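Here is how the chains run, residue by residue.
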Amino acid sequence: MKDAWSADEVRKAEEPLIAAGEPLMARAAYALAQAVLREVAARPVGGHPTRRRAVRPSGVRLRGSLGSDGLPGTARVRPGRSAGTRGDVRGARALLLVGPGNNGGDTLFAGVHLARRGMTVTAVLASSRVHDEGLAAFEAAGGHVVKLADARVPSVVQSARMSDVLLDGLVGVGARGALRPPAGGLVRALADAREAAGERWPYTVAVDIPSGIGVDDGVVGGPVLPADRTVTFGALKPGLLLPPAALIAGEIELVDVGFPTPSGSDQWASAAQRVALGRHSMGSTDIGSGRVQRMEPGDVAALWPTPGARDHKYTRGVVGVIAGTSTYPGAAVLATSGAVRAGAGMVRYLGPEAVGTRVLLARPEVVVAGGRVQAWVLGPGVTPFDPEEGPDADGQARRIFGALAAVTGVLSEDVTGGKMPAVIDAGALTMLEHRLPAWAVLTPHAGELAELLQGLGHEVDRADVEARPLHWVRTAHQATGATVLLKGAITVVAGPGAAYAQADAPAWTATAGAGDVLAGILGTLLAGRSAEVVQDETLAARLAAAAVLVHGRAAARASAGGPVAALEIAHAVPAVLAELLSD
Ligand SMILES: NC(=O)C1=CN([C@@H]2O[C@H](COP(=O)(O)OP(=O)(O)OC[C@H]3O[C@@H](n4cnc5c(N)ncnc54)[C@H](O)[C@@H]3O)[C@@H](O)[C@H]2O)[C@@H](O)CC1
Ligand SMILES: Nc1ncnc2c1ncn2[C@@H]1O[C@H](COP(=O)(O)OP(=O)(O)O)[C@@H](O)[C@H]1O
Ligand SMILES: [K+]
């Protein structure tokens, strides 16, 4: 499990270390410099292979000296740097964007290492206040310093274009809100130039976080320079896992600066062990509400209901699927296929006879008849209040209402005789009348979540949900009581005391019907652990994150880099599970 800590938690963790005189900044700066040196040294002569600028048409190389505006790269000096042998970075150029706090301090001290290795390093100070010791060390190491107040933004942009590597050290976990001027203006200009330059842009490293993102929520509310790599210190930050910020943070490198609780594997190995032991104690008391986690492939085996010798089809879990109408029969095929391929003991289908026939043609294993189930999948391909739809939709809506009653326990006499977990998807999301338990998992995409929230009195549209997904997923969880899974390139899940951000699927997954398959997979997981899910309010969210991971990996496997059809995602699930469960 990857575990991201809020800015407050990071501060609490670092306080005693700083008081004890631990050299946190020195460690951070060293690791940051190593990341830069690795990248620069690995490049062929002339820097980035796709970039024009490292070798000028004249063959004259720019290095070291400053132009009239104080920035390097405007004067031509001696030709040829000797970079080209592995590890040799002499003459390569780094531009450092330096803010007022310790994030700027990390960046200046990293600059010291780079300068000592022979790189030409220039720091652009975006603020009149700057880390004093860092600046003194940087200057002593031969770094060039430019005050943004004295330079024009276009010349900084030009200098950036001419650099091999760009370090964004404007703000870190001390950031509040969108970047303010003058840093904001500089970053906006750099981001525009980067977009215009395409591949021909220096390798960009964000220091701790890309400056300007919401550290705790991943919101991008103003200018942010997209990074190729983020070197982050002590612990991951939620904004590095959450959309939209995570989509512009590049590769994430976590540096251990000596936090007392290991920031990665150790702590979460013990959490995984607790899961494996069946003591699902990762509730709100264990995980600060600000934390965000990401399930990893190694976490799945402990959660997946794997059959043993004493199991039979009923103990393994029966999934009941109420999906599809004669207008949308495919959703029924896809949801049942997802459930079958994920390893349900049995899948029942309830719906119009014609749709049931199609389901059977695709999946003869499905039982097209009512009966006892251990989890419901409700709503794919059902449009309950559409006047254009015929009696099919009315019939499906009636069935869904009955099943929802079983989920919420509102009726004492219901079709299944007890409370049970459910996946509530698509059309069923428009049928919610009561507060739900955490074992009901809502699976909207952004548009559906916006509609749901509007129904709850929030003024929000799809774009708002996409801009602040964690906020709105948490709001929906709190307002409905249900576990909420927001589908997207990075899928966000929020349940009691926990939030997950899963980035497992290739963009090809954005295809009609892929969500129906996910609903089926999750239905199988909930059915397989039905009794535990209604006992432990945190389990549904973990199972939801695991289903997203398996679905995403199945999509990647089926895609193999090319397009993927939704049904093929379902077909790829057994091989993905075989791999994950055998580890
Ligand atoms: N957590 C750790 O273990 C370590 C933290 N270190 C660094 O320390 C950083 C945190 O340092 P600080 O607390 O000094 O905070 P920052 O370096 O994030 O800077 C905060 C300052 O930036 C300015 N600022 C805040 N929001 C702004 C905005 N929206 N626009 C423009 N300026 C803004 C304010 O003047 C504020 O004082 C971390 O991100 C990390 O880089 C490292 O030095 C060592 C290890
Ligand atoms: N850009 C993307 N990259 C990766 N996965 C995506 C992307 N966009 C959407 N997805 C995934 O594709 C699926 C689409 O589901 P959904 O929108 O419900 O489609 P449908 O209702 O047609 O089944 C979800 O699992 C979602 O997380
Ligand atoms: K930064």
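Everything numeric here is computed off the predicted structure, so don't read it as measured data.

Procedures and definitions
- Residues numbered from 1 in each chain as written.
- Chains lettered and ligands numbered in written order.
- Predicted model: local features only at pLDDT ≥ 70, side-chain atom pairs only at ≥ 80, totals over all residues.
- Helix = DSSP H or I, 4+ residues; strand = E, 2+ residues; numbered from the N terminus.
- Buried ≥ 20, exposed ≤ 12 C-beta atoms within 10 Å, placed from the backbone.
- Contact = placed C-beta atoms within 7 Å.
- Axes fitted to C-alpha atoms, helices over the stretch in contact; angles between N-to-C directions.
- Parallel < 35°, antiparallel > 145°, perpendicular 65-115°, else oblique.
- Left-handed = near helix turned anticlockwise from the far one by under 90°.
- Nonpolar A, V, L, I, M, F, W, Y, C, P; charged D, E, K, R; others polar.
- UniProt positions renumbered as here; feature names shortened; annotations may be inferred.
- Near = placed C-beta within 6 Å.
- Pairing = 2+ DSSP bridges.

Undergrad: I keep staring at the overall build of the chain and nothing clicks. Help me out?
TA: Per the secondary structure count, the chain includes 20 helices and 17 strands. The proportion of buried residues among the 583 residues of the chain is 54%. Long-range pairs, those at least 24 residues apart, make up 72% of the contacts in the chain between residues at least 6 apart in sequence.

Undergrad: Quick question: what am I supposed to make of the packing of helix 2 (residues 24-41) against helix 3 (residues 102-116) here?
TA: What describes two packed helices is the angle between their axes and the distance between those same axes. Remark: helix 2 packs on helix 3, axes separated minimally by 8 Å, with the N-to-C direction vectors making an angle of 55°. As the angle between them shows, helix 2 and helix 3 are arranged oblique. When the axes of helix 2 and helix 3 are compared, the crossing they make is right-handed. Residue-level inspection shows Met25, Ala26, Ala28, Ala29, Tyr30, Leu32, Ala33 and Val36 of helix 2 in contact with helix 3, the latter providing Asn102, Gly105, Asp106, Phe109, Ala110, His113 and Leu114. Among the residues forming the contact of helix 2 with helix 3, the class breakdown is 11 nonpolar, three polar and one charged.

Undergrad: Would you mind showing me how to read the UniProt feature "binding site: AMP" (unreviewed entry) in the chain here?
TA: The UniProt record annotates "binding site: AMP" (unreviewed entry) at Lys487, Gly488, Ala489, Ile490, Thr491 and Gly515. These annotated residues cover 29 residues of sequence, and their C-alpha atoms all fall within 13.4 Å of one another, placing them together at a single site. Looking at the element boundaries, alanine 489 is found in the loop between strand 15 (483-486) and strand 16 (491-495). Other than its neighbours up to four places away in sequence, alanine 489 contacts Pro243, Leu247 and Ala507. Secondary-structure assignment places glycine 515 in helix 17 (residues 514-528).

Undergrad: How should the site of ligand 1 be read in this particular structure?
TA: Neighbouring residues of ligand 1: 29 residues in total, closest Gly101, Asn102, Asn103, Gly172 and Gly174. With five residues, the top contributor of residues to the shell around ligand 1 is helix 3. When its residues are assigned to classes, the shell around ligand 1 shows 14 nonpolar, 10 polar and five charged.

Undergrad: Can you help me understand the pairing of strand 17 (residues 498-502) in this one?
TA: It is a general feature of regular strands that their side chains alternate between the two faces of the sheet. Most of strand 17 sits inside the fold, with five of its five residues counted as buried. Alternating positions in strand 17 separate into two faces, Ala498, Tyr500 and Gln502 on one and Ala499 and Ala501 on the other, with burial throughout. Inspection of the sheet shows strand 16 paired to strand 17 by five bridges, in the antiparallel sense. Bridging from a neighbouring strand, valine 492 pairs with alanine 501 of strand 17. In this antiparallel pair of consecutive strands, strand 16 and strand 17, the connection spans two residues, and glycine 497 shows a positive phi of 70°.

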